[in-house]
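An overview of the molecular structure
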Amino acid sequence: ENMRHCLRKCECSDEMWKEFDEVLTHHYNQNHNVFYSNELFYSVPDGCGEYWWDRLHNMLNKWQVRIVFTYRRHYEWMHSRYIEMNNAEKLNNVRSWPGEKADFSKKLDSFPEFFYRDTKKQTKKHHHLLDTFQRWQANFGSELITFNFQEGNFLTNAFCQMIPEATHTCNSLKLSVKVVKQATVTTGKDNNTTAMFIRNNGSDKAYRIHIDRIATAAYERGWIQNMTRSVARGSIEKHMNDLGITSPINDFPLDCLTLE
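Residues numbered from 1 in each chain as written. Predicted model: local features only at pLDDT ≥ 70, side-chain atom pairs only at ≥ 80, totals over all residues. Heavy atoms only, no water.

1. Here we look at the overall build of the chain
For the chain, the helix and strand inventory stands at eleven helices and two strands. Each helix and strand of the chain, placed in order from N terminus to C terminus, yields the pattern α-α-α-β-α-α-α-β-α-α-α-α-α. Scored against the burial criterion, the 260 residues of the chain give a buried share of 29%. In the chain, of all internal contacts separated by at least 6 residues, the share reaching a separation of at least 24 is 70%. Carbon together with sulfur atoms contributes 50% to the accessible area of the chain, which is approximately 17,700 Å² in total. (Helix = DSSP H or I, 4+ residues; strand = E, 2+ residues; numbered from the N terminus. Buried < 20%, exposed > 50% of the residue type's maximum accessible area, 1.4 Å probe, protein only. Contact = heavy atoms within 4.5 Å. Areas by Shrake-Rupley, 256 points an atom, 1.4 Å probe, with all protein chains shown as cover.)

2. As for the state of the cysteines
Working definition: the covalent bond between the sulfur atoms of two cysteines is a disulfide. Applying the stated rule across the entire model yields two disulfides. Here Cys-6 engages in a disulfide with Cys-12; their sulfurs sit 1.6 Å apart. An S-S torsion of about 70° defines the bridge between Cys-6 and Cys-12 as right-handed. Using a relative accessible area of 5% as the deciding quantity, one classes Cys-6 as buried. On the accessibility criterion, Cys-12 (14% relative accessible area) is buried. Covalent S-S linkage joins Cys-160 and Cys-170, the inter-sulfur distance amounting to 2.0 Å. On the sign convention where negative means left-handed, the S-S torsion of about 110° between Cys-160 and Cys-170 marks this disulfide as right-handed. Of this pair, Cys-160 sits in helix α7 (residues 154-162) while Cys-170 sits in helix α8 (residues 167-183), and the two are ten residues apart along the sequence. Exposure class is identical for Cys-160 and Cys-170. Each is buried. (Disulfide = S-S within 2.5 Å.)

3. A short note on unusual backbone geometry
Backbone geometry at Asn-31 places phi at a positive 60°, although glycine is not the residue there. Within the fold, Asn-31 resides in the loop between α2 (14-29) and α3 (50-60).

4. Here we look at the side chain of Arg-233
Along the chain, Arg-233 falls in helix α10 (residues 229-243). Using a relative accessible area of 17% as the deciding quantity, one classes Arg-233 as buried. At 2.7 Å, the side chain of Arg-233 forms a polar contact with the side chain of Asp-212. (Polar contact = N/O pair within 3.5 Å; in protein donor to acceptor, adjacent residues only side chain to side chain.)

5. A short note on a negative patch on the surface
A cluster of acidic residues, Glu-15, Glu-19, Asp-21 and Glu-22, forms a negative patch at the surface. Examined against the element boundaries, Glu-19 turns out to sit in helix α2. (Patch = residues over 30% accessible without salt bridge, like charges linked within 9 Å, V, L, I, M, F, W, Y side chains within 5 Å. Salt bridge = Lys/Arg side-chain N within 4 Å of Asp/Glu carboxyl O. Lys, Arg positive; Asp, Glu negative; His and termini not counted. Charge placed at Lys NZ, Arg CZ, Asp CG, Glu CD.)

6. Brief notes about the nonpolar core
Counting residues in each nonpolar core, the largest one holds 22 residues, and the members touching the most others are Val-44, Trp-52, Trp-53, Leu-56, Trp-136, Phe-140 and Leu-144. Those elements that place two or more of their residues in this core are α1 (2-9), α2, α3, β1 (67-71) and α6 (129-140). For this core, the element with the most residues is α3, which contributes five residues. When near neighbours in sequence (up to four residues on either side) are disregarded, Leu-56 contacts Trp-17, Phe-20, Trp-136 and Phe-140. Judged by nonpolar contacts, the second largest core, of ten residues, contains Ala-215, Ala-218, Ile-224 and Ile-245. (Core = buried A, V, L, I, M, F, W, Y, C linked by side-chain atoms within 4.5 Å.)

7. Section: the pattern of salt bridges
All chains considered together, the criterion is met by six salt bridges. In this structure, the salt-bridge partner of Arg-229 is Asp-212, at a minimum N-O distance of 2.7 Å. With Arg-229 in helix α10 and Asp-212 in helix α9 (residues 201-220), this pair connects stretches of sequence that are 17 residues apart. This pair shows no difference in class: Arg-229 is buried, exactly as Asp-212 is.

8. As for helix α4 (residues 74-85)
Think of an α-helix as turning once every 3.6 residues; residues three or four places apart then point the same way. Between its first and last C-alpha, α4 extends 16 Å over twelve residues, near the 16 Å set by a 1.5 Å rise per residue. Regarding α4, the residues found buried are Trp-77, Met-78, Arg-81, Tyr-82 and Ile-83. (Expected span 1.5 Å × (residues − 1).)

9. Details of the packing of α2 against α3
It is at 10 Å that the axes of α2 and α3 come closest, and there the two elements cross at 20°. Classed by the angle they form, the pair α2 and α3 counts as roughly parallel. Along this stretch, α2 crosses α3, giving a crossing that reads as right-handed. Residues Asp-14, Trp-17, Phe-20, Asp-21 and Leu-24 of α2 form the contact with α3, whose participating residues are Tyr-51, Trp-52, Arg-55, Leu-56, Met-59 and Leu-60. Within the contact of α2 with α3, the residues separate by chemical class into eight nonpolar, no polar and three charged. (Axes fitted to C-alpha atoms, helices over the stretch in contact; angles between N-to-C directions. Parallel < 35°, antiparallel > 145°, perpendicular 65-115°, else oblique. Left-handed = near helix turned anticlockwise from the far one by under 90°. Nonpolar A, V, L, I, M, F, W, Y, C, P; charged D, E, K, R; others polar.)

10. Points about α10
In this model α10 runs 21 Å from its N-terminal to its C-terminal C-alpha over 15 residues, within 8% of the 21 Å that 1.5 Å per residue would give. Every buried residue belonging to α10 is among Arg-229, Ala-232, Arg-233, Ile-236 and Met-240, and all of these are buried. Down the axis, α10 shows its buried residues gathered within 100° of arc, on one side only. After α10 finishes, the residue Gly-244 shows a positive phi value of roughly 80°. (Arc of directions from axis to C-beta.)

In structure tokens:
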């Protein structure tokens, strides 16, 4: 909350400046590269005075600073927001079947339902990237880079492309991505081996949302009786894994958004 107040209102306490400076100094003395990411930097308003920018400059004057703007195309961001808003792991109101208990029986929206209701409301809340880009460029010169969040593995690309000096970190991240890709190779039952399914956090959450929607649809059709919602989800997921289905989005037919 203090950081939110600091960046959105340009009112950072002396204690916050001091703590930030101490962290930077420590890593500078260790000859480390520092990658600091905070979405609230996007919210720094036009009204931040010279004092605020000067203090930031003074802390960073020993460093070679690159400011990276990550962005997501709206159609990619909306799917991510859908997952965030309907994450079946976080919502307590998906414990019971729809209609059983008022507080715990939410029915998760389909993506089209969410999209048509939410898209206009959310679009109005976000500022255009160009305004923020120009604000930081006016204070930090030309060392600004834009980067598409959705292109490839974000963390690996961010270090390898934006901080090319961080060779050890870059190589380590490339190796970890390679290992994950190898681990996702699956083999069938004929080989008497167990298939391994690895999904990243985002796809894993989407996976559970689709499973919950399948369970709810089956329940509403009367196909599920004497079974709790969580048990039904678990049974569906087990059956999908037995069939080798790792992505409802790719393996199940889905309705597309209409042109309107």
